[in-house]
Amino acid sequence: MNSPHALEALKASIERMPDPAGRSEAAALEAELATVHGVRHAIAVSSGTAALHTAMIACGIGPGDEVLLPAATVIMTVAAVTATGAHPVFVDTAANGRGMDLADAAAKTTERTRAIVPVHLAGRTDGLLELAAYAQSAHLRVVEDACQAQGSRTHGRTAGTVGSIGCFSLKDGKVISCGEGGYLITDDDELAARAAAYRTHWLTPAPHAPAGSRLGMNYRLAEPLAALARYDLTGLNRALSRRREQSRLLYELVGEIPGLAAVSPEPGDAPNGYSALWRIDLDSPRDLATRLAEAGVTNSVGTYRLRAAHQHPACEYLHPAPCPRAAHAVDRMLAVTLQPQTTDTELQHLAETIRREAVTWAQSR
Ligand SMILES: Cc1ncc(COP(=O)(O)O)c(C=O)c1O
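Not measured: the values here are computed from a predicted model.

Q: Give a detailed account of the nonpolar core, specifying residues and quantitative values.
A: Among the nonpolar cores identified, the biggest contains 53 residues, and Phe90, Ile165, Cys167 and Leu184 are the most heavily contacted of them. Per element, the largest residue contribution to this core is seven residues, and it comes from helix α7 (residues 189–199). Both of domain 1 (4–233) and domain 2 (236–363) provide at least three residues apiece to this core. Residues in contact with Phe90, not counting those within four places in the same chain, are Leu69, Pro70, Ala71, Val78, Asp104, Lys108, Ala309, His310, Cys315, Leu318, Pro320 and Cys323. Grouped together as the second largest cluster of nonpolar side chains are 27 residues, Ala34, Ile185, Leu236 and Leu240 included.

Here is the structure:
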């Protein structure tokens, strides 16, 4: 977001702080986000993790409760659940390698289970509608972790609007960003009131929980960051087109390589182009992802050390059950993160690097 207009928006908001007329960039951003997502409420918060935590609290999740989430997720989703005092229960990946295994989810649903959290890694919404149907039948809340999925669609519905609450990150690198930040969206007035109250030390009322009756947090989005996010939001459609075009081009430039299978979207799904996604069918796939990261190809496993949550050292104390398909899927994932400012020439260079390293890897093993 390196633009004079962004700097002007930032400067104006800093000069106005605190706004004597009580205008708030965050409140304006919320109204704009609600319109863009076609929902009744958007609540701006300080990060995607804060959005997830606030969403859980709004759903009334706390100590003694269990929350189902995919083992194939980032550690932030897990942290948001444990921050409420609830117990995260990891669900294995479906047999086709996409989304959660609903039979495993059903087997792990107990009378303490309150919610299920689909995580749209790489902007993919695999199996989301089936999962929502299962959640409804089992009386579970669906809280979508759509932090990587702004603008992704499944069967005409946008990521974040299928569940009771959708959570998004505004961290740099996300489709819409302001450096650090996040927001949640919902059509449910009560959930929105509870989320807004929790976000600011419960200074505002929610149904059956008057102002000041509960403890909350300061998860507010800083005004200058809200001003930046508002500016970036005006370019959402452009950013989505660019990312989708970039992933299309990268698939085309990489082409067919033995041991590297492009993962096409499920029928009816239109990912946002956050990442181009391949499955590595070669030996030591994590090492190849690391090698690619070292060679300049930013990717989830190699750059950000993504591993299935049940195998993450920080989750050892939870004594998670094995989720072998999730471990297999995450270890073989090559999710190349795209940035709108990356030029076509740079994409060509990325493609050449992926081809060269994958071919060398296959020959050397
Ligand atoms: C899938 C997913 N969930 C949650 C988060 C947490 O968002 P934040 O870094 O804004 O707290 C991220 C951020 O990268 C993410 O990718």
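On we go.
Q: Tell me about the side chain of Arg98, and name the residues and values.
A: With respect to the helices and strands, Arg98 occurs in the loop between β3 (87–91) and α5 (102–108). Taking relative accessible area as the criterion, Arg98 reaches 18% and is therefore assigned buried. A distance of 2.6 Å separates the side chain of Arg98 from the backbone oxygen of Ser264, its partner in a polar contact. Polar contacts involving the side chain of Arg98 include one to the side chain of Glu266, which spans 3.5 Å. Aside from chain neighbours lying at most four places away, what touches Arg98 is Thr93, Arg124, Asp126, Val263, Ser264, Pro265 and Glu266.

Q: Let's hear about helix α13 (residues 344–364): which residues, and what values?
A: An ideal rise of 1.5 Å per residue puts 30 Å on 21 residues; α13 measures up with 30 Å between its terminal C-alpha atoms. Within the span of α13, buried status applies to Leu347, Leu350, Ala351, Thr353, Ile354, Glu357, Ala358 and Trp361. Taken end-on, α13 shows its buried residues confined to a sector of 160°, consistent with a single buried face. Of the residues in α13, the exposed ones pointing more than 90 degrees away from the buried face are Thr345 and Gln363. Packed against the buried residues of α13 are α9 (236–254), β10 (260–262), β12 (275–280), α10 (285–294) and β13 (333–337).

Q: Which residues make up the domain arrangement of the chain, and what are the values?
A: When cut into domains, the chain gives domain 1 (4–233) and domain 2 (236–363). The C-alpha centroid of domain 2 is placed 24 Å from the C-alpha centroid of domain 1. At the boundary of domain 1 with domain 2, total buried surface from both sides reaches about 3,000 Å², with 57% on carbon and sulfur atoms. It is Phe90, Arg124 and Val175 that lose the most area in domain 1 upon contact with domain 2, and together they represent 20% of the buried surface on that side. Joining domain 1 to domain 2, the criterion identifies two salt bridges.

Q: With reference to specific residues and values, describe the sheet that holds β12.
A: Within the open sheet, the three strands sit side by side as β10-β12-β13. Their pairing is antiparallel. Here the strands that pair on one side only, and so sit at the sheet edges, are β10 and β13. Averaged over all pairs of adjacent strands, the angle between their axes in this sheet comes to 30°, without regard to strand direction. Of the strand pairs in this sheet, β12 and β13 are connected by five bridges, and their pairing is antiparallel. Of the residues in β13, the one forming a bridge with Arg279 is Met333.

Q: Kindly report on the sheet that holds strand β7 (residues 157–158), identifying the contributing residues and their values.
A: Spatial strand order, β7-β6-β11: three strands in an open sheet with antiparallel pairing. Edge positions in the sheet fall to β7 and β11 (269–270), since each of these pairs with one other strand and no more. Where strand β6 (residues 153–154) meets β11, two bridges bridge the pair, whose relative direction is antiparallel. From the neighbouring strand, Thr154 faces β11, where its bridge partner is Asp269.

Q: If you had to explain the site of the ligand to someone new, which residues and values would you point to?
A: In the region of the ligand, 14 residues are neighbours, and Gly48, Thr49, Asp145, Ser169 and Lys174 sit closest. Gln148 places a side-chain nitrogen or oxygen 2.9 Å from an oxygen atom of the ligand. Within the side chain of Lys174, one N or O atom sits 2.8 Å away from an oxygen atom of the ligand. Contact with the protein chains removes 92% of the 380 Å² of surface that the ligand exposes when unbound. With three residues, the single largest contributor to the shell around the ligand is helix α3 (residues 48–58).

Q: So what's going on with the packing of aromatic side chains? Residues and values would help.
A: Under the counting rule described, the total for this entry stands at three aromatic pairs. Relative to Tyr183, the ring of Phe168 lies with its centre 4.8 Å away and its plane at 10°, an arrangement referred to as stacked. Of the two residues, Phe168 sits in strand β8 (residues 165–169) while Tyr183 sits in strand β9 (residues 182–186), which places them 15 residues apart along the sequence. Residue Tyr183 is classed as buried on the basis of its relative accessible area, which comes to 2%.

Q: Please give an account of the pattern of salt bridges that cites residues and values.
A: Going through the model one piece at a time under the given rule, you end up with 24 salt bridges. Where Glu15 meets Lys11, a salt bridge forms, and the shortest distance between an N and an O atom there is 3.1 Å. Taken together, the residues span about one helical turn, with Glu15 and Lys11 both in helix α1 (residues 4–16) at a distance of four residues. There is no split in this pair, since Glu15 and Lys11 are both exposed. Notably, a salt bridge pairs Arg291 with Glu294, separated by 3.4 Å at the nearest N-O pair. With Arg291 and Glu294 both in helix α10 and three residues apart, this pair spans about one turn of that helix. By relative accessible area, which is 59% here, Glu294 ends up exposed.

Calculation notes
- Residues numbered from 1 in each chain as written.
- Predicted model: local features only at pLDDT ≥ 70, side-chain atom pairs only at ≥ 80, totals over all residues.
- Heavy atoms only, no water.
- Core = buried A, V, L, I, M, F, W, Y, C linked by side-chain atoms within 4.5 Å.
- Buried < 20%, exposed > 50% of the residue type's maximum accessible area, 1.4 Å probe, protein only.
- Helix = DSSP H or I, 4+ residues; strand = E, 2+ residues; numbered from the N terminus.
- Domains from an automatic or database assignment.
- Contact = heavy atoms within 4.5 Å.
- Polar contact = N/O pair within 3.5 Å; in protein donor to acceptor, adjacent residues only side chain to side chain.
- Expected span 1.5 Å × (residues − 1).
- Arc of directions from axis to C-beta.
- Buried area = accessible area lost by both parts, 1.4 Å probe.
- Salt bridge = Lys/Arg side-chain N within 4 Å of Asp/Glu carboxyl O.
- Pairing = 2+ DSSP bridges.
- Axes fitted to C-alpha atoms, helices over the stretch in contact; angles between N-to-C directions.
- Near = heavy atom within 4 Å.
- Areas by Shrake-Rupley, 256 points an atom, 1.4 Å probe, with all protein chains shown as cover.
- Phe/Tyr/Trp six-rings, centres within 6.5 Å; stacked < 30°, edge-to-face > 60°.

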